[in-house]
Amino acid sequence: MFLILPLCAAYSVFLLCFWPRGIMHLSTAWEVSMLCGFSALFFLLVLFALTGRPLPEPFFDGRFFLTLHRWLAWLFVGLVALHAGVVMWVDPQTLYDLWPSGAPGMQFGAAAALLAVVTPCLALQRVRRGLYATAAMFRRSHAMLAMAVLGASVFHVVATRVHVALWWQVWLCVGIAMVACMLPVGERWLLARVPTRRDGRRRRLHTAYLARGLVGVMLCVAASETVVFVLWRH
């Protein structure tokens, strides 16, 4: 509950800012694809806030936060795949934009989708141990790939001008992305100054299953909230 309520509020503000009233006039499948893309961008931003490091609240062990980060990443990948798949199904001519002579915004979107699949695959335990000699090398590589995904995604959203077209929306989107890139560094600095114990009690152990349930609840709440938002906008 501590994480669900802020995320739902943030998702509501996200939709209100980047989905103006009166712009949804295309087919239902197209709108579903666009909403999947915006939801994917939202969960990508959430991944920069929930990096897998144990937070002061909830007072759970590290496995909870690692599992939460991992499942949120796969939720993000699924939304990206659904966004791209529905777009190509509704408008197959979109594939022409991927050629060198195509629109740069679509090419950056394709690059972001490719990196979005590669990045979590490189984080799998067997792949990570085979490719990276130390954990520090993995963290730096993972952070650079994540920032590349976010940068390409923001450029795709801003350059295509499908929904983010107003000047304040563009700068807000860029500003949020810049803040998200700085969040892991600020989080590391803050957590280094927070005590690992609280009133003599330790973190609650064996909470990984709660993270999987939390991601499922977040998906259901986000889907329900999106349906209500679409009905209200129409």
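Residues numbered from 1 in each chain as written. Predicted model: local features only at pLDDT ≥ 70, side-chain atom pairs only at ≥ 80, totals over all residues. Heavy atoms only, no water.

(A) Spotlight on the overall build of the protein. When you go through the protein residue by residue, the secondary structure sums to 8 helices and 0 strands. Moving toward the C terminus, one meets the helices and strands of the protein in the order α-α-α-α-α-α-α-α. Classification of the 234 residues of the protein by burial places 40% in the buried group. The long-range share in the protein, meaning contacts at least 24 apart out of those at least 6 apart in sequence, stands at 77%. Counting every atom, the protein has about 13,500 Å² of accessible surface; 72% of that belongs to carbon and sulfur. (Helix = DSSP H or I, 4+ residues; strand = E, 2+ residues; numbered from the N terminus. Buried < 20%, exposed > 50% of the residue type's maximum accessible area, 1.4 Å probe, protein only. Contact = heavy atoms within 4.5 Å. Areas by Shrake-Rupley, 256 points an atom, 1.4 Å probe, with all protein chains shown as cover.)

(B) Focus on a nonpolar patch on the surface. The grouping of Trp 74, Leu 124, Val 127 and Leu 131 at the surface amounts to a nonpolar patch, some 340 Å² of accessible area in total. Looking at the secondary structure, you find Trp 74 in helix H3 (residues 62-90). (Patch = residues over 30% accessible without salt bridge, like charges linked within 9 Å, V, L, I, M, F, W, Y side chains within 5 Å. Salt bridge = Lys/Arg side-chain N within 4 Å of Asp/Glu carboxyl O.)

(C) The nonpolar core, seen in detail. Core analysis: the biggest nonpolar cluster contains 51 residues, and Phe 43, Leu 68, Leu 72, Phe 76 and Leu 150 have the highest contact counts within it. Contributing elements (two or more residues each) for this core: helix H1 (4-18), helix H2 (28-49), H3, helix H6 (135-160), helix H7 (167-191) and helix H8 (208-233). Looking at this core element by element, the count peaks at 12 residues for H2. (Core = buried A, V, L, I, M, F, W, Y, C linked by side-chain atoms within 4.5 Å.)

(D) Focus on the packing of H2 against H6. Here H2 crosses H6 at 150°, and the two axes come no closer than 11 Å. The way H2 lies across H6 gives a crossing that is left-handed. Contacts from Phe 38, Leu 41, Leu 44, Leu 45 and Phe 48 of H2 reach H6 at Ala 146, Met 147, Val 149, Leu 150, Ser 153 and Val 157. (Axes fitted to C-alpha atoms, helices over the stretch in contact; angles between N-to-C directions. Left-handed = near helix turned anticlockwise from the far one by under 90°.)

(E) Representation of the side chain of His 83 within the structure. In this structure, His 83 sits in helix H3. For His 83, the contacting residues outside a window of four places in its chain are Ser 33, Met 34, Cys 36, Gly 37 and His 156.

(F) Representation of the packing of H2 against H3. In the contact formed by H2 and H3, the axes pass within 8 Å of each other and the chain directions differ by 155°. By the criterion of interaxial angle, the relationship of H2 to H3 is roughly antiparallel. Helix-helix and strand crossings are classified by hand; for H2 and H3 the assignment is left-handed. Looking at the contact of H2 with H3, its residues break down into 20 nonpolar, 5 polar and no charged. (Parallel < 35°, antiparallel > 145°, perpendicular 65-115°, else oblique. Nonpolar A, V, L, I, M, F, W, Y, C, P; charged D, E, K, R; others polar.)

(G) Fine view of the environment of Phe 42. Locating Phe 42 in the fold gives a position in helix H2. Separated by 28 residues in sequence, Phe 42 and Phe 14 place their C-alpha atoms 7.5 Å apart.

(H) Inspection of the side chain of Thr 67 at higher detail. Among the secondary structure elements, Thr 67 is positioned in helix H3. For Thr 67, the contacting residues outside a window of four places in its chain are Ala 208, Ala 211 and Arg 212.

(I) Inspection of the environment of Leu 55 at higher detail. For Leu 55, the location among the structural elements is in the loop between H2 and H3. Remark: the alpha-carbon pair of Leu 55 and Glu 187, spanning 132 residues in sequence, is separated by 8.8 Å.

(J) Focus on the packing of aromatic side chains. Applying the stated criterion to the full structure yields 7 aromatic pairs. Aromatic side chains Phe 14 and Phe 38 sit 6.4 Å apart centroid to centroid with 65° between the ring planes, which places their arrangement in the edge-to-face category. Residue Phe 14 is found in helix H1, and its partner Phe 38 is found in helix H2; the two are separated by 24 residues along the sequence. Ring geometry for Phe 108 versus Phe 155: centroids 4.4 Å apart, planes at 45°, classification tilted. In this pair, Phe 108 is assigned in helix H4 (residues 104-122) and Phe 155 in helix H6, connecting sequence segments 47 residues apart. Its relative accessible area of 39% is what places Phe 108 among the partly exposed residues. By relative accessible area, which is 36% here, Phe 155 ends up partly exposed. Each member of the aromatic cluster is reached from another via a ring pair, and the members are Tyr 11, Phe 14, Phe 38, Phe 42 and Phe 43. Its end group placed over the ring of Phe 138, Arg 128 keeps NZ or CZ at 5.3 Å from the ring centre. (Phe/Tyr/Trp six-rings, centres within 6.5 Å; stacked < 30°, edge-to-face > 60°. Lys NZ or Arg CZ within 6 Å of the ring centre and 35° of its normal.)

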